[in-house]
Amino acid sequence: MGGDNTLGNGNDPVVPQASSASSATLSPDAISVRRSSRTKKAPVRLNLGCLRRMRCFLLGGKVCNSFIKRYFNCSSVATMSTTLSRQHSVYVTRNVPESGIQLLTSAGLKVTQWKHDAAVPREELLTNISQVDALFCLLTDKVDSELLDAAGGSLKVIGTMSVGHDHIDMEECKKRGIRVGFTPDVLTHATAELTVALLLATSRRLMEGVQAAKDGSWGTWKPTWLCGPSLQNSTVGILGFGRIGQQVAKNLGGFDVGKIIYTARTEVASCAQRVEFDELLLQSDFLIICCALTDSTKNLFDKNAFLKMKKSAILVNTSRGPVVNMDDLAEALENKEIAGAGLDVTVPEPIPLDHSLLKLNNCVVLPHIGSATNEARSAMSRLTAENIIAALNNQKMPAEL
Ligand code: DGY
C-alpha cells in the first residue's frame, strides 16, 4: 500500500511534501520538529505565551477553524493547542502520505518513521517503539501483547491508517488504557468505487479482453465471445451494510439493478431489503462482501455457502481475505458452482504466485487497492495523525474505536 501504487502524486495532491520543509533530522529514519512549508521562509519562534495569546486573539475575533487550518496547517484549534504541550514521540511504521507526517511535526511531535514501502521487520518495530507515546500503524502491523509489551508503559495511543482493525487486539489495548483511532468515512467512496470496478471487471471479463487485445487472440468481432451477466434487472446482495456497503448500493443506482438485498446485524433505513444470510446466498446474482472480519465472518464463504449460491453468481470481496475460504473458492470456480469471483483481498497477502485462483480466467485478483485514491490515502494519513494528536492532548479523537 505504498505511495507508488497510487496515480499521479501518490503521496499527497494537496499538502506540500514535508521534505521541502526544513527539519532537524534525528537519525536517518527520524524526523524531529518540522515547520510547515507555509512557514518555511520565516523561522517560527513562537513561545507558549505567544501561541496562547494568538489563539485567544483568533478565538476572540471569531476567526474560524478554516483560517487556522490553512495558515498553520493543522486541523483545528484543538489540534493547534497540541503544539503547546510537551514533546511526545510517535513511531510511524511505513512510508505514508506526507500530509499526516506534516500534521504530526507541526504539532511538535518527535516523529520516527520506517521510511520504506516494505513492511518494517517485526524485530525492528519492536525495538523502535520502545518508550514511544504513540504508534502510527497500518493494517499489516499486528498489534498484540508482544508489541504492547515492547512499547512499554509510555504508549498512550495507536492510530491505524485503516478502517479495518482486525490486526489490533482491542481487548489488550483497553486493558492497558491505550486509546485506538482508525479512519472510517474518508475511504468509503474510494472503496465503494473500486468495488463496482472489480464487479464489472469480473462480470464483463475485462482482464480476458485486455489480454486478447494484447496477445492477438482478438481475431474478428464474435457475437458470443467474452459475454457476461448484466447488472440491469439483477439482484445484488451485499454482506455488511455499513458505510461502504451502503455506498456501493448508492453507486449501483445508475445501473437499473432489479433489487438490492443485504445481510447485516441491524436494519438500515434504505430501499434495499434486509434478508438472512442463506437468502442472500440463494437470491444474489452478484454477491458483494463488505463486512468486517470478526469471529463470525471468518470463513463464512466455504464449500457449503458456494453450493447454495446460483451457478451464474459473481462473488466480489473488498473487505478482508479470511471471510472467504480460498481453497473452497478455487474449487467452486473450477467446478462452475459459481460463475466468477473478484477479490481485492486474499489470504495471505500477497497471494502466492502458484495459487490456483491465479490460474483461473473467471477470477480477478487485485492487490488490496480498495482505498487507493490519492485523496483517500492522503485523508487517511491526516485522520490518523489527527487521532494521535487529539489523544496525546487528552481530547476527543475524531475517530476512536
Ligand atoms: C482498510 O482501511 O481497512 C482497508 O482495507 C485499506 O484501506
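Residues numbered from 1 in each chain as written. Predicted model: local features only at pLDDT ≥ 70, side-chain atom pairs only at ≥ 80, totals over all residues. Heavy atoms only, no water.

Draft legend 1. Highlighting the site of the ligand. Residues in contact with the ligand, as listed here, are Leu139, Ser162, Val163, Gly164, Leu187, Arg320, His368, Ser371 and Met380. Valine 163 is positioned with one of its backbone polar atoms (N or O) 2.7 Å from an oxygen atom of the ligand. In the model, an oxygen atom of the ligand is placed 2.8 Å from a nitrogen or oxygen of the glycine 164 main chain. Expressed as a share of its isolated accessible area of 230 Å², the protein-covered part of the ligand is 92%. Of the residues that constitute the shell around the ligand, the class distribution is four nonpolar, four polar and one charged. (Near = heavy atom within 4 Å. Polar contact = N/O pair within 3.5 Å; in protein donor to acceptor, adjacent residues only side chain to side chain. Areas by Shrake-Rupley, 256 points an atom, 1.4 Å probe, with all protein chains shown as cover. Nonpolar A, V, L, I, M, F, W, Y, C, P; charged D, E, K, R; others polar.)

Draft legend 2. Structural detail: the confidence of the model for the protein. With 79% of its residues at a pLDDT of 70 or more, the protein shows a mean pLDDT of 84. Counted against residues more than four places away or in other chains, residues 1-84, with its pLDDT under 50, gives 127 contacts. (pLDDT = per-residue confidence, 0-100. Contact = heavy atoms within 4.5 Å.)

Draft legend 3. How the structure looks around the pairing of strand S11 (residues 286-289). By the alternation rule, side chains of S11 split into Phe286 and Ile288 and Leu287 and Ile289, which are all buried. Where S11 meets strand S12 (residues 314-317), four bridges bridge the pair, whose relative direction is parallel. Of the residues in S12, the one forming a bridge with phenylalanine 286 is isoleucine 314. Handedness of the β-α-β unit built from S11, helix H12 (residues 303-308) and S12 comes out right-handed. (Buried < 20%, exposed > 50% of the residue type's maximum accessible area, 1.4 Å probe, protein only. Helix = DSSP H or I, 4+ residues; strand = E, 2+ residues; numbered from the N terminus. Pairing = 2+ DSSP bridges. Right-handed = clockwise from strand over helix to strand, strands pointing away.)

Draft legend 4. Looking closely at the side chain of serine 162. Mapped onto the elements, serine 162 comes out in the loop between strand S6 (157-160) and helix H7 (170-175). Within the local environment of serine 162, its side chain forms a polar contact with the side chain of threonine 160, the two groups lying 2.8 Å apart.

Draft legend 5. Quick look at the packing of aromatic side chains. Tallying each qualifying case throughout the model produces three aromatic pairs. Ring centres 4.1 Å apart and planes at 10 degrees place the aromatic pair phenylalanine 241 and tyrosine 262 in the stacked group. A residue pair is termed long-range when its members are at least 10 positions apart, and phenylalanine 241 in the loop between strand S8 (235-239) and helix H10 (243-251) and tyrosine 262 in strand S9 (residues 259-263) qualify at 21 residues. The two residues phenylalanine 241 and tyrosine 262 agree in class, both being buried. Between phenylalanine 301 and phenylalanine 306, the ring centres sit 6.4 Å apart and the planes meet at 40 degrees, which makes this aromatic pair tilted. Of the two residues, phenylalanine 301 and phenylalanine 306, both sit in the buried class. Aromatic ring contacts, followed pair by pair, group Phe277, Phe301 and Phe306 into a single cluster. Above the face of the tryptophan 225 ring, lysine 222 is positioned so that its terminal group lies 4.2 Å from the ring centre. (Phe/Tyr/Trp six-rings, centres within 6.5 Å; stacked < 30°, edge-to-face > 60°. Lys NZ or Arg CZ within 6 Å of the ring centre and 35° of its normal.)

Draft legend 6. View of the nonpolar core. By size, the foremost hydrophobic cluster in this structure holds 49 residues, and its most contacted members are Val90, Leu104, Val236, Ile238 and Ile388. With eight residues, helix H14 (residues 374-392) is the largest single contributor of residues to this core. Among the domains, domain 2 (89-186 + 377-392) and domain 3 (188-365) are the pair contributing at least three residues each to this core. Grouped together as the second largest cluster of nonpolar side chains are 30 residues, Ile289, Leu343, Ile351 and Leu357 included. (Core = buried A, V, L, I, M, F, W, Y, C linked by side-chain atoms within 4.5 Å. Domains from an automatic or database assignment.)

Draft legend 7. Looking closely at the environment of lysine 298. Tracing the sequence through the fold places lysine 298 in the loop between S11 and H12. Not counting residues within four places of it along the chain, the set of residues in contact with lysine 298 comprises Leu293, Pro322 and Val323.

Draft legend 8. Local environment of H14. Taking 1.5 Å per residue as the helical rise, H14 with its 19 residues ought to reach 27 Å, and the 27 Å between its terminal C-alpha atoms agrees with that figure. Phi turns positive, to about 55 degrees, at asparagine 394, one or two residues after H14. (Expected span 1.5 Å × (residues − 1).)

Draft legend 9. View of the packing of helix H4 (residues 98-106) against H14. The geometry of H4 relative to H14 is characterised by a closest axis approach of 7 Å and an angle of 25 degrees between their N-to-C directions. It follows that H4 is roughly parallel to H14 by the angle criterion. Both H4 and H14 take part in a crossing whose hand is right-handed. Between H4, through Ser99, Gly100, Ile101, Leu103 and Leu104, and H14, the contact on the second element is made entirely by Ser378, Ser381, Arg382, Ala385, Glu386, Ile388 and Ile389. Partitioning the contact of H4 with H14 into residue classes produces six nonpolar, four polar and two charged. (Axes fitted to C-alpha atoms, helices over the stretch in contact; angles between N-to-C directions. Parallel < 35°, antiparallel > 145°, perpendicular 65-115°, else oblique. Left-handed = near helix turned anticlockwise from the far one by under 90°.)

Draft legend 10. Region of interest: H4. The element H4 is extensively covered by neighbouring structure, given that nine of its nine residues are classed as buried. Among all positions of H4, only Glu98, Ser99, Gly100, Ile101, Gln102, Leu103, Leu104, Thr105 and Ser106 are buried. Trailing H4 by a residue or two, glycine 108 shows a phi angle of about 90 degrees, which is positive.

Draft legend 11. Structural context of the environment of arginine 94. Take arginine 94: it is sitting in the loop between strand S3 (89-92) and H4. For arginine 94, a relative accessible area of 5% puts it in the buried group. Measuring from C-alpha to C-alpha, the distance between arginine 94 and cysteine 137 comes to 7.6 Å, with 43 residues separating the pair along the chain. Once residues within four sequence positions are removed from consideration, arginine 94 is found in contact with Gln113, Trp114, His116, Asp117, Ala118, Ala119, Val120, Leu138 and Thr140. Looking at arginine 94, its side chain comes within polar contact range of the main-chain oxygen of aspartate 117, at 3.2 Å.

Draft legend 12. How the structure looks around the environment of threonine 105. Considering the arrangement of structural elements, one finds threonine 105 in helix H4. Taking the relative accessible area as the measure of exposure, threonine 105 reaches 2% and is therefore buried. The sequence separation of threonine 105 and serine 89 amounts to 16 residues, and the corresponding C-alpha distance is 9.9 Å.

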